[in-house]
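What follows is each chain in one-letter form.
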Amino acid sequence: MKDDKSERSRPGWDEYFMRMAKLVATRSTCIRRSVGAVLVRDRRILATGYNGAPHGLAHCGEVGCLREQLGVPSGERHELCRGIHAEQNAIIQAAIFGVSTRGSVLYCTTKPCIICTKMLINAGVERFIVGELYNDDLADSFMKEAGIEVIFMSPEDL
């Protein structure tokens, strides 16, 4: 009798952590887009984050989406949002627990916006593995200038 473990294939590390980012996204409280992020160094999870309202505040599902009410298109006027982006929450979680993110890799279900990109650069994140693409030319130019390697991993491949 063969061992079932020997017959199934194990996911590669990038696929493994991107699947975790997809799972983290299921905790999102944003009614427009669910995003999950995982920060990893040396194949160890440092922190996770999903997009949603700050701790203790009402979720968008409870009070509505201000951006939707105002007709703000995706990628514009980030300050008019109740939620914090998944990448920001991952950095915040690492800070709360005193975990350095220097030299880490970001696994995120969506490519970071310019605000998150700037924060991730300053947090020392060196590589981005992303699922859904997000059109932000300024973020792209900052990633390139900072030497951040960006790898697209199609969600359909997971």
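The sections below set out a description of the structure shown in this document. Just so it is clear, the model here is predicted, and its values are computed rather than measured. (Residues numbered from 1 in each chain as written. Predicted model: local features only at pLDDT ≥ 70, side-chain atom pairs only at ≥ 80, totals over all residues. Heavy atoms only, no water.)

### Structural notes on the pairing of strand 2 (residues 44–50)
The condition is simple: Here the rule is simple: two strands pair whenever DSSP picks up at least two bridges between them. Helix and strand definitions here come from DSSP, where helices need a minimum of 4 consecutive H or I residues and strands a minimum of 2 consecutive E residues; each element is numbered from the N-terminal end.
As paired elements, strand 1 (residues 36–41) and strand 2 share six bridges and run antiparallel to each other. The partner of Val-38 across the bridge, within strand 2, is Thr-48. The hairpin formed by strand 1 and strand 2 contains two residues between the paired strands, and Asp-42 there has a positive phi angle of roughly 55°.

### Some thoughts on the sheet that holds strand 5 (residues 149–152)
Applicable threshold: Helix axes are fitted to C-alpha atoms over the stretch in contact, other axes to C-alpha atoms as well, and angles between N-to-C directions run from 0 to 180 degrees. Contacts between residues were defined by any pair of non-hydrogen atoms, one from each residue, lying within 4.5 Å.
In spatial order, the strands read 2-1-3-4-5; together these five strands make up an open sheet with mixed pairing. Sheet topology places strand 2 and strand 5 at the edges, where each strand pairs with a single neighbour. Across the sheet, the mean angle from the axis of one strand to that of its neighbour is 20°, orientation sign disregarded. Direction of pairing for strand 4 (residues 127–132) relative to strand 5: parallel, over a ladder of four bridges. The partner of Ile-129 across the bridge, within strand 5, is Ile-151. Here helix 2 (residues 13–25) sits on the sheet in contact with strand 1, strand 2, strand 3 (105–110) and strand 4, set at roughly 50° to strand 3. Its contacts with the sheet place helix 5 (residues 86–96) against strand 1, strand 2 and strand 3, and it is angled at close to 130° to strand 2.

### Looking at helix 5
Note: α-helices contain 3.6 residues per turn, so residues at a spacing of three or four share the same orientation. Under the convention used in this document: The classification of residues rests on relative accessible area computed with a 1.4 Å probe and restricted to protein chains. Under 20% of the type maximum is buried, over 50% is exposed, and intermediate values are partly exposed.
Residues of helix 5 that are buried: Ala-86, Glu-87, Gln-88, Ala-90, Ile-91 and Ala-94. On its buried face, helix 5 sits against strand 1, strand 2, strand 3 and helix 6 (114–122).

### Some points on the pattern of salt bridges
Basically, it comes down to this: The term salt bridge refers to a side-chain nitrogen of Lys or Arg lying within 4 Å of a carboxyl oxygen of Asp or Glu.
Scanning all chains against the criterion turns up six salt bridges. In this structure, Glu-15 engages Arg-19 in a salt bridge whose closest nitrogen and oxygen atoms are separated by 2.5 Å. In this pair, Glu-15 and Arg-19 both sit in helix 2, four residues apart, roughly one turn of the helix. Measuring nitrogen to oxygen at the nearest pair gives 2.5 Å for the salt bridge that ties Asp-140 to Lys-111. Of the two residues, Asp-140 sits in helix 7 (residues 137–146) while Lys-111 sits in the loop between strand 3 and helix 6, which places them 29 residues apart along the sequence. Classification of Asp-140 by relative accessible area gives partly exposed; the value is 30%.

### Here we look at helix 6
Put simply, the rule is: By definition, the arc is the one covered by directions from the helix axis to the C-beta atoms.
When helix 6 is considered as a whole, its buried residues turn out to be Ile-114, Cys-116, Thr-117 and Leu-120. What you see down the axis of helix 6 is that its buried residues fit within an arc of 155°, all on one side. Buried residues along helix 6 sit in contact with strand 1, helix 5, strand 3, strand 4 and helix 7.

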